[in-house]
Amino acid sequence: MSKQMSSLIATARRRCRRLSAAMMHYSGKLLGFPRLPFHCPACERDIHQWVGFDRGAGGGQSNFEPEKRLCPLCRSFERTRHFALYLEQQGVLKSKPRMLHFAPEKSLAPRLRTALGDRYVTTDLFMSGVDRKEDITQMTFADASFDFIYCSNVLEHVTEDAAAMSELYRVLAPGGVAIVQVPIRGSKTYEDDSITDPRERFKHFGQGDHVRYYGEDIDERLERAGFSVAPFYMLDELTLSEADILRMNLGKRELIHKCEKLK
Ligand SMILES: [Zn+2]
């Protein structure tokens, strides 16, 4: 089968899964189920169930992960739901920070836009609909343009990550905070520039367009860029009952890095 044909089939399968999840949700509402058992804090809607997702190995391959982690309506993973709660519980938006949001999650961006107006800027090199198409390794923003940066699941796609981290530091204002999140496995970062085939990258780095698997030593790279770095687990920062964690499907523990640019 040609690459193009298998890519079309993978896309069609993905769309069917999304459609069936959405139909399940809305048919449940129409049938008048008494109370939806789950809640997504990213899109702030109640739902019937969580759904699996496609890990996108590239090369037309579909790698469907059946573990039910996604909101069927806004496609949020745990990390987005964690971050939505973090913003709320830490009162981040109250100070009206100038905020830069990389690869903006569709479930969060409208709410942040409403809260911050022109002080909120979305960016990505490839996504459509963002405010600015920027290369994270050489951005066109002036120094110290932002007070808060959210950069989730971006750096593992970037070959020149030292340049990207330096740029994050440069555009952050003194006293500002960047929340950096990447997939982490083990203690040491694993990368190999010679691995470029998407299927090989999937095997080595967990996804067809990832260029490395970071380890816990990512903090050393961030510190080299100038940041004061504090790793933490979002679940330790949030005030949640066991029932909240189950209802909002928040159980996955993912290491986050709070990167401060000291004054
Ligand atoms: Zn949602």
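Residues numbered from 1 in each chain as written. Predicted model: local features only at pLDDT ≥ 70, side-chain atom pairs only at ≥ 80, totals over all residues. Heavy atoms only, no water.

**Details of the sheet that holds strand β12 (residues 255-260)**
Here is step 1 of the chain: Strand order in the open sheet formed by six strands is β6-β5-β7-β8-β12-β11, and the pairing between neighbours is mixed. The open sheet has two edge strands with one neighbour each: β6 (120-123) and β11 (228-233). Each adjacent strand pair in this sheet contributes to an overall mean axis angle of 15°, direction not counted.
Here is step 2 of the chain: Looking at chain direction, strand β7 (residues 146-152) and strand β8 (residues 172-181) are connected through six bridges and run parallel. Directly across from I149, in β8, lies its bridge partner A178. (Pairing = 2+ DSSP bridges. Helix = DSSP H or I, 4+ residues; strand = E, 2+ residues; numbered from the N terminus. Axes fitted to C-alpha atoms, helices over the stretch in contact; angles between N-to-C directions.)

**Details of the coordination of the zinc ion**
Six octahedrally arranged donors around a metal ideally form angles of 90 or 180 degrees; four tetrahedrally arranged donors ideally form angles of 109.5 degrees.
Here is step 1 of the chain: Summarising the metal site, the zinc ion is bound by the protein donors C40 (SG), C43 (SG), C71 (SG) and C74 (SG), whose distances to it range over 2.2 to 2.4 Å.
Here is step 2 of the chain: With four donor atoms in place around the zinc ion and angles of 105 to 115° between them, the coordination shape is tetrahedral.
Here is step 3 of the chain: Along the chain, the residues donating to the zinc ion fall in the pattern C-x2-C-x27-C-x2-C. (Donors = N, O, S within 2.8 Å, 3.2 Å for Na, K, Ca; no water. Tetrahedral: all angles 85-135°; square planar, octahedral: opposite > 155°, others 65-115°.)

**Describing the nonpolar core**
Here is step 1 of the chain: By size, the foremost hydrophobic cluster in this structure holds 27 residues, and its most contacted members are L100, F102, I136, I149, L155, L168 and F227.
Here is step 2 of the chain: Among the elements of the structure, β5 (99-102), β7, α4 (161-171), β8 and α6 (218-224) are those that each provide at least two residues to this core.
Here is step 3 of the chain: It is α4 that provides the largest number of residues to this core, a total of four residues.
Here is step 4 of the chain: Apart from residues lying up to four places away in sequence, L155 is in contact with I136, D161, A164, M165, V180, V182, R212 and Y214.
Here is step 5 of the chain: Residues V92, M99, V177 and M248 belong to the second largest nonpolar core, which totals 24 residues. (Core = buried A, V, L, I, M, F, W, Y, C linked by side-chain atoms within 4.5 Å. Buried < 20%, exposed > 50% of the residue type's maximum accessible area, 1.4 Å probe, protein only. Contact = heavy atoms within 4.5 Å.)

**Some words on unusual backbone geometry**
Here is step 1 of the chain: Backbone geometry places K96, a non-glycine residue, at a positive phi of 50°.
Here is step 2 of the chain: Along the chain, the position of K96 falls in the loop between α2 (78-90) and β5.
Here is step 3 of the chain: Positive phi, normally seen in glycine, also occurs at A103, with a value near 40°.
Here is step 4 of the chain: With respect to the helices and strands, A103 occurs in the loop between β5 and α3 (109-116).

Any link to function would need more than the numbers given here.
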